[in-house]
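Listed below are the residues making up each chain.
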Amino acid sequence: MMKDIPGCIEYLDLPPIPKDVQEKIIRDAHYFINIPVTEGDKTYYFEQIPARYGPDTVYFKYYMYPPVEFVQDLIQPLFKKPLVYVLSVIKSHTGNPSMFWPHHDHDRFSGVQINLDNGGDNVLTRFYKQFTRRPNMYDNLYDFDQIGDMHEIQTEENKWVIFNPTVVHSVHNVADTRITLAIDTGDLVNYDIMHSHFK
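Throughout this description, residue numbers start from 1 for each chain and increase along the sequence as written. Totals for whole chains, interfaces and linings use every residue, but because this is a predicted model, local features are given only for residues with pLDDT of at least 70 and side-chain atom pairs only at 80 or more, for both listing and counting. Derived side-chain values reflect all non-hydrogen atoms in the structure, with water molecules and hydrogen atoms excluded from consideration.

Now for the side chain of Asp-184. Each helix is a run of DSSP H or I of at least 4 residues and each strand a run of E of at least 2, with the numbering of both proceeding from the N terminus. Structurally, Asp-184 is set in strand β13 (residues 177-184). There is no salt bridge for the buried Asp-184, and the closest opposite charge comes from Arg-108, which lies 4.4 Å off by N-O distance. The contact definition used throughout considers only heavy atoms, calling two residues in contact when any of these lie within 4.5 Å. When residues no more than four places from it in sequence are discounted, the contact partners of Asp-184 are Leu-83, Val-84, Arg-108, Ser-110, Gly-111 and Met-194. Working definition: with a 1.4 Å probe on protein chains only, accessible area under 20% of the residue-type maximum means buried, over 50% means exposed, and in between means partly exposed. Only four residue types enter the charge count, namely Lys and Arg as positive and Asp and Glu as negative; His and the chain termini do not. Salt bridges are defined by distance alone: a side-chain nitrogen of Lys or Arg within 4 Å of a carboxyl oxygen of Asp or Glu.

Below, the structure written as structure tokens:
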């Protein structure tokens, strides 16, 4: 059953992506996984959450993605500016239920997104009340002793949500590959302003 967490994640009354389009985006995401990424003098396939967090963490990478016609026709008319389309891929590197460590996004304040593949049967997103502004040495990652009260949600596949990535959150029980199409305005628009486009 769908359930909102106001201020963190809320479902939107928008139609799902057609199955053939959903399957195409998923295929593209798996293709992107195998393309090495070069940043400066380093080339890698996936950026692994630092090993000090234990073996059952995930690889994570996101890719700029050209807008799909159905999605563009659905979302773009709600905004007066060009949108940024990104594929976010989270993958267990052990095959065991794995987690994306508590973090906040540092390059966007809000966005609209849809999970195309949840990456497991019981994948949970947990949101935390942050009680200190002291991030650890990895900048936007947090230790559990740095975060407070928790709310959690099991988001449904192919359901649009508005998402607040500035709230500290983690992803749990990813046993395979979790694929999310995320859309934002390319600037730092806060959650309330983003939400107003859908009222």
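Looking now at the pairing of strand β8 (residues 111-117). With six of seven residues buried, β8 lies mostly within the body of the structure. Two strands pair when backbone bridges link them, and β8 and strand β11 (residues 160-163) are joined in this way by four bridges, in the antiparallel orientation. Looking across to β11, one finds that Val-112 is bridged to Ile-162. Each pair of strands is called paired provided DSSP finds at least two bridges between the two strands.

This part takes up the environment of Glu-69. In this structure, Glu-69 sits in helix α2 (residues 69-75). Residues Glu-69 and Val-21 lie 48 residues apart in sequence; the distance between their C-alpha atoms is 9.4 Å.

For Asn-158, which is not glycine, the phi torsion reads 60° and is therefore positive. Position of Asn-158 among the secondary structure elements: in the loop between β10 (147-153) and β11. A relative accessible area of 13% places Asn-158 in the buried class. The backbone of Asn-173 sits at a positive phi, close to 70°, despite the residue not being glycine. Assignment of secondary structure puts Asn-173 in strand β12 (residues 169-174). With relative accessibility at 28%, the residue Asn-173 sits in the partly exposed group.

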